[in-house]
Amino acid sequence: MAIRLGDTAPDFTAETTDGTLNFHEWLGDGWGVLFSHPKDYTPVCTTELGRVAALKSEFEKRNCKVIGLSVDPLKDHEGWSEDIAETQGTALNFPLIADANREVSTLYDMIHPNADDTFTVRSVFVIGPDKKVKLTLTYPASTGRNFDELLRVIDSLQLTSEHQVATPVDWNKGQSVIIVPSISNEEASEKWPNGWEELKPYLRLVPDPTAGETTT
Ligand code: BEZ
């Protein structure tokens, strides 16, 4: 069954390039990203894993762990990781699940038989500290993902989980945010005593409440 936003991320124990781990224990009390790849030794996946490895410190700044998955055995992951280091300039520095029996892929509905009945699609799950699924993305095998966009989304998820705001189109950290419609003007006045920019009664903008804070 498909995993929906707000569901508890299914727990599992799996073999990875960093040893056997229990997913919920490994997540701890921070944020996490679980993302799947169709197959080892494939070109798009090679570029994606190199990019995520290069962005590791950006995920760390956001208190977010990353874990990949591919439906190939551990020995293939180990050989492939050498190619990733050689061609992408950054070695694998996060765990990659060896899901040869497709247990985790099935649990997370990562195999879409009408697209391909063997390989996983490119799924992404962002999981919050409460272990609930905050975001899902599904890309086909032929299209590599944009992990800068994933960082941007994590910034929005983290901001909107702490403040009663939403982020507008193409928002980036530091830019104005929207007061959520469920907050009345009276409540908003208490929270934002300096006021807001009102383009429409339902479109009220305030500065990013975390502007000036560095992502630690
Ligand atoms: C790739 O990662 O390059 C890929 C994998 C499966 C199908 C097409 C491309």
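Since the structure is predicted, the reported quantities are computational estimates derived from the model, not experimental observations. (Residues numbered from 1 in each chain as written. Predicted model: local features only at pLDDT ≥ 70, side-chain atom pairs only at ≥ 80, totals over all residues. Heavy atoms only, no water.)

**Overview of the overall build of the chain**
Of regular secondary structure, the chain possesses seven helices and eleven strands. Projecting the C-alpha coordinates of the chain onto the three principal axes gives extents of approximately 60 × 35 × 30 Å. Here the chain, with 216 residues, has 44% of them falling under the buried criterion. Taking contacts inside the chain between residues at least 6 apart in sequence as the whole, the part at least 24 apart equals 67%. Total accessible area on the chain stands at roughly 11,000 Å², and carbon and sulfur atoms take up 49% of it. Taking the average place of the 19 positive charges on the side chains of the chain and the average place of its 34 negative ones, the gap between the two points comes to 3 Å. (Helix = DSSP H or I, 4+ residues; strand = E, 2+ residues; numbered from the N terminus. Buried < 20%, exposed > 50% of the residue type's maximum accessible area, 1.4 Å probe, protein only. Contact = heavy atoms within 4.5 Å. Areas by Shrake-Rupley, 256 points an atom, 1.4 Å probe, with all protein chains shown as cover. Lys, Arg positive; Asp, Glu negative; His and termini not counted. Charge placed at Lys NZ, Arg CZ, Asp CG, Glu CD.)

**Overview of the packing of aromatic side chains**
To describe a pair of aromatic rings, one takes the distance between the centres and the angle between the planes. In this structure the tally under the stated criterion is seven aromatic pairs. For the ring pair F35 and F147, a centre distance of 5.6 Å and an interplane angle of 65 degrees mean the geometry is edge-to-face. Highlighted residues: F35 in strand β3 (residues 31-37) and F147 in helix α6 (residues 147-162), separated in sequence by 112 residues. Accessibility expressed as a relative area gives 0% for F35, which makes it buried. You can call F147 buried: its relative accessible area is 4%. Ring plane angle 70 degrees and centroid distance 5.0 Å describe the contact between Y108 and F125, whose orientation is recorded as edge-to-face. With Y108 in the loop between α5 (103-107) and β6 (122-127) and F125 in strand β6, this pair connects stretches of sequence that are 17 residues apart. In this structure, Y108 and F125 share a single accessibility class: buried. Cluster of aromatic residues (ring-pair linked, three or more members): F12, F23, W26, Y108 and F125. We note K65 situated over the ring of W26; from NZ or CZ to the ring centre the distance is 5.1 Å. When the ring centre of W192 is taken as origin, the NZ or CZ atom of K191, which lies over that ring, is 5.7 Å away. (Phe/Tyr/Trp six-rings, centres within 6.5 Å; stacked < 30°, edge-to-face > 60°. Lys NZ or Arg CZ within 6 Å of the ring centre and 35° of its normal.)

**Examining the domain arrangement of the chain**
Examined at the domain level, the chain breaks down into domain 1 (13-145) and domain 2 (163-206). Using only C-alpha atoms to locate each centre, domain 1 and domain 2 end up separated by 35 Å. (Domains from an automatic or database assignment.)

**Some words on the pairing of strand β1 (residues 13-16)**
Note on strand geometry: in a regular strand, side chains alternate between the two faces of the sheet. Of the two faces of β1, the one lined by A14 and T16 is fully buried and the one lined by T13 and E15 carries no buried residue. Of the pairings in the sheet, the one linking β1 to strand β2 (residues 19-22) comprises four bridges and is antiparallel in character. Its bridge partner being in β2, A14 is matched across the sheet by L21. Between β1 and β2, which pair antiparallel and follow one another directly, the connecting turn spans two residues. (Pairing = 2+ DSSP bridges.)

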